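These are the residues of each chain, in order.
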Amino acid sequence: MIYLDNAATSWPKPPEVARAMGDFLERAGGNPGRAGHRLSIAAARAISDVRETLAALFHAPDPLRIVFTPSVTQAINLALRGLVRLGDRVVTTGMEHNAVMRPLRALEEGRVHLTVVPCRPDGELDLLALRQAVIPSVRLVVVAHADNVTGALRPLDEIARIAHDAGAPLLVDAAQTAGAVPIDVQDLGIDLLAFTGHKGLLGPPGTGGLILGERVEARELRPLVRGGTGSHSEHEEQPEELPDKFESGTPNGPGLAGLGAGVRAVMQRGVEAIRAHEAALTAGLLEGLAAIPGVRVYGPPGAGGRTAVISFTAAGRSVSELALRLEEEYQILGRAGLHCAPAAHRTLGTFPDGTVRLAPGPSTTRDEIQATLRAVERIVRP
Amino acid sequence: MSREGMAIFRTTAAALRAERLLAGAGIGARAAAAPRELSRDCSLGVRFAWEAAERVHALLQAAGVPPVGLHPLGEGRGEPEAGTGEPAAAPEPELAAGAAGAVVVAMSGGVDSAVAAALLHQAGVPVVGVTLRVWSSGWRAHTRRADRCCSLGAVADARAVAERLGIDHAVLDCEAEFEREVIQPFLAAYLGGRTPNPCLACNSRLKFAWLRERARAWGAVGLATGHYARVTRDPVSGRYQLRRGRDPGKDQSYFLYRLTQAQLADLRFPLGELHKAATRQMALRLGLPVAGKPESQEICFAGGDYRAFLRERVAPAALRPGPMRDTGGRVLGRHAGLALFTVGQRHGLGLGTPTPRYVVALDPARDEVVVGEERELWTREATLEDLHLIAGEPPGEPLRVLAQLRSAPVAAPATLCPGPGGTARLVFEQPQRGVAPGQAAVCYAAADPELVLGGGTICGSDPAAAA
């Protein structure tokens, strides 16, 4: 079996991940922050370790400003619903995932103004158009670091400059890049970074978070969920302190312990090394696919401007047939369709049929890429 | 011991961040439960050496993790420092005021101490209930009981009883003391091949020492517990005497043999004259919310499985595998760690011998578990250390006693021969089975079988004397 769906979720996970999750359940079984006994402290410490590890990975200035959420979708919702008020204007791009588009469309119904900056047909963001759209009244700029259809990377430093010039904070959806592409939130000027744990960070599902930069006032951000935090128990109002303000309810301890193990595995190998490995595989895939007549690859040319995500179509073949035969005849697991990103497919001109997406990961080998190319060729040119 | 301080934070995440930052700066710091007096939250504090307070403050401010407060803790204790010279060491000033002239009742949350409080209260004695929160009741208990935030079921039960009786009640945190006086000696004993009795340590070090000191500081006139034992006075010498409880099935004097004359002077055991059935009836009649609670038999912090607790608490390296040999020196197998065995143990040896084998000795110096046949468990003599005699000074000559070697109230005729330095030999008339080092041997007067003379910790038996 060849697993090429790492853009959906990474697999296999490093063995330490399952071990850390088991260890947490066996040895740190208390409720973090809810008591002073040692099992509670052990649990809180395990979670605190993950916060510190992530702060190191993303060069976040303050670990306490990393808020854990059950998913990147929750993190994006927290940022959008927490920050945007009635009458505000939000700017985003035409390559976004539904995790961004759906909450934005819902806000739009509630009289929030939304500007969707179009992208070129290869997915590249038009920075000039963005600059024109980001006027001083804009409350927030939202972009994916890389989209999940073509893997195209956005120049975050330039986008941050454009947003900051207008006085707007930048929310980055790093679902596709956290752990796969180096991210330094301070260097890049990211004000809010939403990440997921189960993709490039090699952790389990059910984990993710939002990193608050120093320009974001926690006071301004409303919590999505309110409830028990273990702190300020005598008050019936939600505490203002971070991260408690946004972390009501018992956290996903085993998941976060697993995430910590995943992130440590990533850091041990090095994000740069993973990036180089995946870029080499991506270059091989791009080159091989381009050589097959009738196959069309979307997104930017070359592997340098994208993550390890390749979308393609083949003349005369439906994407679902392609994906099905790849799996049934060659045990190659990719993904066909719209990938929860109709806006991106409209930009690429692949709506409503979508594309076949192949996404290698840190464990994918060169041989697996060659086998995949042979399989695509045999299906497309029998 | 140098004084400790505690930094209090608004969130657990901040406390753990501070712990890490301080450790990174070379300041020893440890997250721990914040005393209730310092923080009303369930949040953690960070303990550190108080002499580093200024550095701690500056470092945490600079790092953006400012503590809500820095507090010195009492010398070697978990509670905040008292005001100068005031007996206001009490965390709850109201309690200190209410306790003056009253009897402090140690309420565990069980039916016995509840009825003890009720009896005193009914007799018109001013009563204040106090529950010690040792946290470590956690571990197993925590997974088994529906606990409220920050409160073991036991604390809530005790509070409910106090409310029902209409008496004052306070909860004292003594996690650090419990850890130091009960848990650590418990672990050390097992690692040293002994079988400890933590209930005894808790009584003599916490209830009748630590709590008693505090009760005195508040101006309380006495301390009461729900133990089944009686205190009397020798009409001739005027000395206090400890006697078995009236209910032979419930007698707990074995756990009290370390009491001193001073402690007995202000101790009260209101259940001493009662049978357990009467206690229960009384609880029902008073409508006490704990009337139906079952007896607690297990070690409160380790549940029914002390081995699992050991594995949890001691460094893995402390549980070294080693040989299991018979009394003739022949190696029969391997064991996973000396601390996981007790003398007299039959199950879990994994030897598969045709006749059952028992642990007859533990040799920590060689990491050896010595097993033998049933007859090798019997000894005629035990050596004791740390001998304590309730009357005060030891007798000059051997005493005819009834020796009780375990909590079950069965005593065997023996002769107690006091030796130098608090040691003694206990020579039994009939061989005794499974005499485990670490356990207490409590002696009752041969001529007055209910009178506790004292006792000591068994440190050895004489296998050569085996029948």
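Because the structure is a prediction, the values reported are computed rather than measured.

Quick look at the interface of chain B and chain A now. Across the contact, 29 residues belong to chain B and 26 residues belong to chain A. Approximately 2200 Å² of surface area, both sides summed, lies buried where chain B meets chain A, with 55% of it carried by carbon and sulfur atoms. The partner of A:Asp49 in a salt bridge is B:Arg20, and the shortest N-O contact between them spans 2.5 Å. Remark: the boundary between chain B and chain A carries 6 residue pairs in polar contact (both at pLDDT 80 or more). With 7 residues, helix H1 (residues 12-24) of chain B is the single largest residue contributor to the side of chain B that touches chain A. Across the side of chain B that touches chain A, the residue classes break down as 14 nonpolar, 5 polar and 10 charged.

Attention shifts here to the pairing of strand E20 (residues 440-445) of chain B. All names here are of chain B. With 6 of its 6 residues buried, E20 lies for the most part within the structure. Where burial is concerned, the two faces of E20 agree: the one with Ala440, Val442 and Tyr444 and the one with Ala441, Cys443 and Ala445 are both buried. Note: strand E17 (residues 399-404) against E20, 4 bridges, orientation antiparallel. Bridge pairing in E20 links Ala403 to Cys443. Here 6 bridges tie E20 to strand E21 (residues 448-461), and the two strands are oriented antiparallel to one another.

Here we take up the sheet that holds strand E8 (residues 208-212) of chain A. Residues and elements named next belong to chain A. Spatially, the 7 strands line up as an open sheet ordered E2-E8-E7-E6-E5-E3-E4, and their pairing is mixed. Lying at the two open borders of the sheet, with one neighbouring strand each, are strand E2 (66-69) and strand E4 (113-117). Between one strand axis and the next, the sheet turns through 20 degrees on average, direction left out of account. Where strand E5 (residues 138-144) and strand E6 (residues 170-173) come together, 4 bridges link them in parallel fashion. Across the sheet, the residue bridging to Val141 is Leu170, located in E6. With respect to the sheet, helix H4 (residues 98-109) is in contact with strand E3 (89-93), E4, E5 and E6, its orientation differing from that of E4 by roughly 145 degrees.

Attention shifts here to the sheet that holds strand E9 (residues 295-297) of chain A. Residues and elements named next belong to chain A. One open sheet holds the 4 strands; their spatial order is E9-E10-E13-E12, and the pairing between them is antiparallel. Looking along the sheet, the strands with just one partner apiece sit at the ends: E9 and strand E12 (335-337). Pairwise comparison of adjacent strand axes, ignoring direction, gives a mean angle of 30 degrees for this sheet. Relative to strand E13 (residues 355-358), strand E10 (residues 310-314) runs antiparallel, the two sharing 3 bridges. Bridging from a neighbouring strand, Phe312 pairs with Val356 of E13.

We now examine the packing of aromatic side chains. Within this structure, the stated rule accounts for 8 aromatic pairs over all chains. Seen from their ring centres, A:Phe58 and A:Phe195 are 5.6 Å apart, and the 40 degrees between their planes marks the pair as tilted. With A:Phe58 in helix H2 (residues 38-58) and A:Phe195 in strand E7 (residues 192-196), this residue pair connects regions lying 137 residues apart in the sequence. For the pair shown, A:Phe58 and A:Phe195 are each scored as buried. Centroid distance B:Tyr254 to B:Phe255: 5.5 Å. Interplanar angle 90 degrees. Geometry classified as edge-to-face.

On to the packing of H2(A) against H1(B), then. Angle between the axes and distance between the axes: these two values describe a pair of packed helices. Axis separation between H2(A) and H1(B) bottoms out at 10 Å; the angle between their running directions is 70 degrees. In terms of axis orientation, H2(A) runs roughly perpendicular to H1(B). Contacts from A:Ala44, A:Arg45, A:Ser48, A:Asp49, A:Arg51 and A:Glu52 of H2(A) reach H1(B) at B:Thr12, B:Ala13, B:Leu16, B:Arg17, B:Glu19 and B:Arg20. Looking at the contact of H2(A) with H1(B) residue by residue, the class counts come to 3 nonpolar, 2 polar and 7 charged.

Here the structure, examined in full by the defined rule, presents 43 salt bridges over all chains. The closest approach of N and O atoms between A:Arg215 and A:Asp191, which form a salt bridge, is 3.0 Å. Of this pair, A:Arg215 sits in the loop between E8 and helix H8 (253-269) while A:Asp191 sits in the loop between helix H7 (185-188) and E7, placing them 24 residues apart in sequence. Of the residues examined, A:Arg215 reaches a relative accessible area of 49% and is grouped as partly exposed. Classification of A:Asp191 by relative accessible area gives buried; the value is 1%. A single salt-bridge network, built from bridges that share partners, covers A:Asp49, A:Glu52, B:Arg17 and B:Arg20.

Turning our eyes to something else, we now look at the pairing of E5(A). Residues and elements named next belong to chain A. Counting buried residues in E5 gives 7 out of 7 residues, a clear majority hidden from the surface. In terms of strand pairing, E3 meets E5 through 3 bridges, oriented parallel. When the bridges of E5 are listed, Val90 appears paired with Leu140. Following the backbone out of E5, through helix H6 (residues 156-165) and into the adjacent parallel E6, one traces a crossover that is right-handed.

The next subject is H1(B). The end-to-end C-alpha separation of H1(B) is 18 Å, in line with the 18 Å expected for 13 residues at 1.5 Å each. Of the positions making up H1(B), those classed as buried are B:Thr12, B:Ala13, B:Ala14, B:Ala15, B:Leu16, B:Arg17, B:Ala18, B:Glu19 and B:Leu22. Close packing links the buried residues of H1(B) with H2 of chain A together with strand E2 (29-33), strand E3 (44-49) and helix H2 (53-62) of chain B. Downstream of H1(B) by one or two residues, B:Gly26 has phi in the positive range, about 80 degrees.

Reading the values: rules and limits
Residues numbered from 1 in each chain as written. Chains lettered and ligands numbered in written order. Predicted model: local features only at pLDDT ≥ 70, side-chain atom pairs only at ≥ 80, totals over all residues. Heavy atoms only, no water. Contact = heavy atoms within 4.5 Å. Buried area = accessible area lost by both parts, 1.4 Å probe. Salt bridge = Lys/Arg side-chain N within 4 Å of Asp/Glu carboxyl O. Polar contact = N/O pair within 3.5 Å; in protein donor to acceptor, adjacent residues only side chain to side chain. Helix = DSSP H or I, 4+ residues; strand = E, 2+ residues; numbered from the N terminus. Nonpolar A, V, L, I, M, F, W, Y, C, P; charged D, E, K, R; others polar. Buried < 20%, exposed > 50% of the residue type's maximum accessible area, 1.4 Å probe, protein only. Pairing = 2+ DSSP bridges. Axes fitted to C-alpha atoms, helices over the stretch in contact; angles between N-to-C directions. Phe/Tyr/Trp six-rings, centres within 6.5 Å; stacked < 30°, edge-to-face > 60°. Parallel < 35°, antiparallel > 145°, perpendicular 65-115°, else oblique. Right-handed = clockwise from strand over helix to strand, strands pointing away. Expected span 1.5 Å × (residues − 1).

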